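# Geometric and topological summary
This is what each chain is made of:
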Amino acid sequence: MGIEWFLQSLSLWLILLSEVHAEKGIFQDTSATHVELDQRIAAVRDLLVHLERSKQLLVLTCWSPLARYRLWQTIREDVNFPSTISVRFGSVSTRQLPWHDRNQHQIVIVVDLSCPGTDSLLENANQLLYYRVRWIALKSVQEAGTIKGWANCTVDPLLDRLPLLISNELFYFCTDVTTGRHLVRQQYRLSTASSSAPIYETFGIWEPNLGVHFGPSADRPPSTSVRRQNFQQFQLRASLVILHNETLNHLDDLHDKHIDTISRVNYLLTKSVAHALNATVRFSIVDTWGYRDQETDRYNGMIGELQSDLADLGGTSMFFTQDRIKAVDYLSMTASTRASFVFRAPKLSFTDNVFVLPFDQYVWYCTVSFILLSGLLLLVVLRTEQRYNVTNSAERNSTTTVTGLSDTLLNVFGTTCQQGSFIEPKTAPSRCLILLCLVVLMFLYASYSANIVALIQSPSTKIQTLEDLLASRLKTGAEDTVYNQYYFRHETEPIRKALYERKMRNKDGSENFLPLAQGVELVRQGHYAFHVEKGVCYKLISETFQEEEKCGLQEVEYLKVIEPYYAVQKNSSFREPVRINLFKLREFGIQGRENTLLYTKKPRCVGGSSFIPVSIVDVWPALVTLGWGYLLTITMLIGEQLWVRLQARVLPTDGYFKQ
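Residues numbered from 1 in each chain as written. Predicted model: local features only at pLDDT ≥ 70, side-chain atom pairs only at ≥ 80, totals over all residues. Heavy atoms only, no water.

### Concerning the environment of Ser-284
Along the chain, Ser-284 turns up in strand β12 (residues 280-286). Each C-alpha atom of the pair Ser-284 and Ile-242 lies 9.9 Å from the other, and the pair is 42 residues apart in sequence. Excluding residues within four positions of it along the chain, Ser-284 makes contact with Ala-238, Ser-239, Leu-240 and Glu-305. Reaching out from Ser-284, the side chain makes a polar contact with the side chain of Glu-305 at a distance of 2.8 Å. (Helix = DSSP H or I, 4+ residues; strand = E, 2+ residues; numbered from the N terminus. Contact = heavy atoms within 4.5 Å. Polar contact = N/O pair within 3.5 Å; in protein donor to acceptor, adjacent residues only side chain to side chain.)

Structure below.
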């Protein structure tokens, strides 16, 4: 910035020196001309003071180098301007316009309507005339080479044929033929159609000694978007997405409010915005929001109508996606709803093995350690009894004589399972040990049984993410809508793509896109996740589910989008007035009222959960354990038989032990 400022200052000083040494007659440098030039410069300076956020002044005129230097010097030396404001000069050409400048809202362009080529520049400025950039237009009257004030405030054919739409901020100076005052005026029209008459506004009054002032009130007029709120019954065009034709008969009532709910909410809000702007609205009906064609790079549906200038407003809010940012302008969130997988939380046994959940892992460690330690101590005590002949000869020959560690461990394990003890203790130590095992393991068994009963009746909270849903045994489906079909089929993220391919698309090529009522019924039956707009789904759930069935409803989001946004044409002149009134509708509670009337909140669980009978799923781990036990037993039996036969062939014992 310092080098640029130095070079610009140097060039201006050179221009001044050339002006001073120029030959007489090249530039008409009469005192009257100087006064008029200073008057132009003063007018730009006085108006620029009232244009907030002005960081750059772009001057595209045919003024002499001396006039340009004086303008630069005036802006630099005036204490009303911040030192950061820059002044840039250019030729009267569209190449000088800030087409792609990121700070267009900080630029003020000065043009002189008397300069050749200015009319062509303005006619080819397109959206810069009414979008973001501000303009100061000067047109002076000259007589015999001398400037004689401003042009009269009559109809200007050039300004009248320019697309000065409602959002434009073009200021021009003129003289009122009645009062003789110098006015700072603006004009706009609501449409580029020839039948649209321009509307004139007086921004302020300019006087050479007082600058720009605003009449008796002395208050600066509000911003353009706030000031121009009267559309004078202009007809706005809105595109509305309707997926069911019957909805067209019930847009203004609450009949079947779960059908096309988002369109009905935005239909009412669009009418409220039009009423606030004193405008009318005409709706066109489409059957899709609009998705990009990869070959033509054009959109269909509602976005296509906005792109093709067939609609001014997107009458149905839509998802905020990256590819749509280049096609439309998003304004405000109007519908407080999201689309998610909705499902009843399955029983805990559906996602976990309930037989290992009653105890913490450290309790299991302690229980196993207790069984091993008790079996070892019991073996030591019984071996001691046998060694010192505590039992009589009849008992010593009994089949219940303990011979090893496996017998004592089996006895303690049977005690753990409350099956009793097949060992008969004869001494005080063995009796105390077995009694201790019975008491301790009784409490463990009681706690385990109580927890098992509670866990079998408990819902699972394990399915919280798409990864959990993909790994679960839940079946999935989605409401048969345009956006569900598009996003599921075109998803590229690995988890979401796998969810579609493994759970949404069947082996025969069919897809689980279902009507709303059918999907909600499958959710009621259980073990089914249905992707649907939540506010719509909860309406049917409230009407069809039993009270206990409303408990345990869970949600998992699939779409990586925020709440739907209201949109208008890209670079639309109606953008700010519509945005302001949408914000007002939210602030005043009108938007919340419409959402509350048409959307149903998640039903509360007031009835509590009912008794759930035990199913095969609940005892499946036990059945698996039993099956593996049977298999192990049969395998060991076969192994023992083979070993006996092999031993009989290799070692024929009958011949070795004959006397």
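Once you've had a look at it, read on.
### Examining the state of the cysteines
Counted according to the given criterion, the structure contains 3 disulfides. Here Cys-551 engages in a disulfide with Cys-605; their sulfurs sit 1.7 Å apart. With the S-S dihedral at roughly 80°, the linkage between Cys-551 and Cys-605 falls on the right-handed side. Here Cys-551, found in the loop between α18 (534-544) and β19 (553-557), pairs with Cys-605, found in the loop between α20 (590-598) and α21 (616-650); they are 54 residues apart in sequence, far enough to count as distant. Its relative accessible area of 43% is what places Cys-605 among the partly exposed residues. Taken N- to C-terminal, the disulfide-bonded cysteines of the chain are connected 1-2, 3-4, 5-6. (Disulfide = S-S within 2.5 Å. Buried < 20%, exposed > 50% of the residue type's maximum accessible area, 1.4 Å probe, protein only.)

### Section: the pairing of strand β16 (residues 475-479)
Within β16, 4 of the 5 residues are buried, leaving the element largely enclosed by the surrounding structure. By the bridge criterion, 4 bridges tie β16 to strand β18 (residues 528-533) in an arrangement that is parallel. Each residue of the ladder has a partner; that of Gly-477, found in β18, is Phe-530. Where β16 lies against strand β17 (residues 513-514), 2 bridges are found, and the strand directions are parallel. Bridged to Ala-478 within β17 is Phe-513. (Pairing = 2+ DSSP bridges.)

### Some remarks on the sheet that holds strand β14 (residues 328-333)
Across the sheet, which stays open at both edges, the 5 strands sit in the order β12-β11-β13-β20-β14 with mixed pairing between neighbours. Because the sheet does not close on itself, it has two edges, and the strands there are β12 and β14. Recorded for the sheet is a direction-independent mean angle of 30° between the axes of neighbouring strands. Inspection of the sheet shows β14 paired to strand β20 (residues 565-569) by 5 bridges, in the antiparallel sense. Bridge assignment links Met-333 to a residue of β20, and that residue is Tyr-565. (Axes fitted to C-alpha atoms, helices over the stretch in contact; angles between N-to-C directions.)

### Comments concerning the pattern of salt bridges
All chains considered together, the criterion is met by 23 salt bridges. Between Arg-496 and Glu-493 there is a salt bridge, and its shortest N-O distance comes to 3.2 Å. Members of the salt-bridge network, linked through shared partners, are Asp-329, Lys-570, Arg-575, Glu-576 and Arg-579. (Salt bridge = Lys/Arg side-chain N within 4 Å of Asp/Glu carboxyl O.)

### Thoughts on the sheet that holds strand β15 (residues 339-344)
Sheet architecture is open: 5 strands sit in the order β17-β16-β18-β15-β19, paired in mixed fashion. Of all strands in the sheet, those bounded by a partner on one side alone are β17 and β19. Contacting β15, β18 and β19, α18 runs over the sheet at an angle of about 120° to β18.

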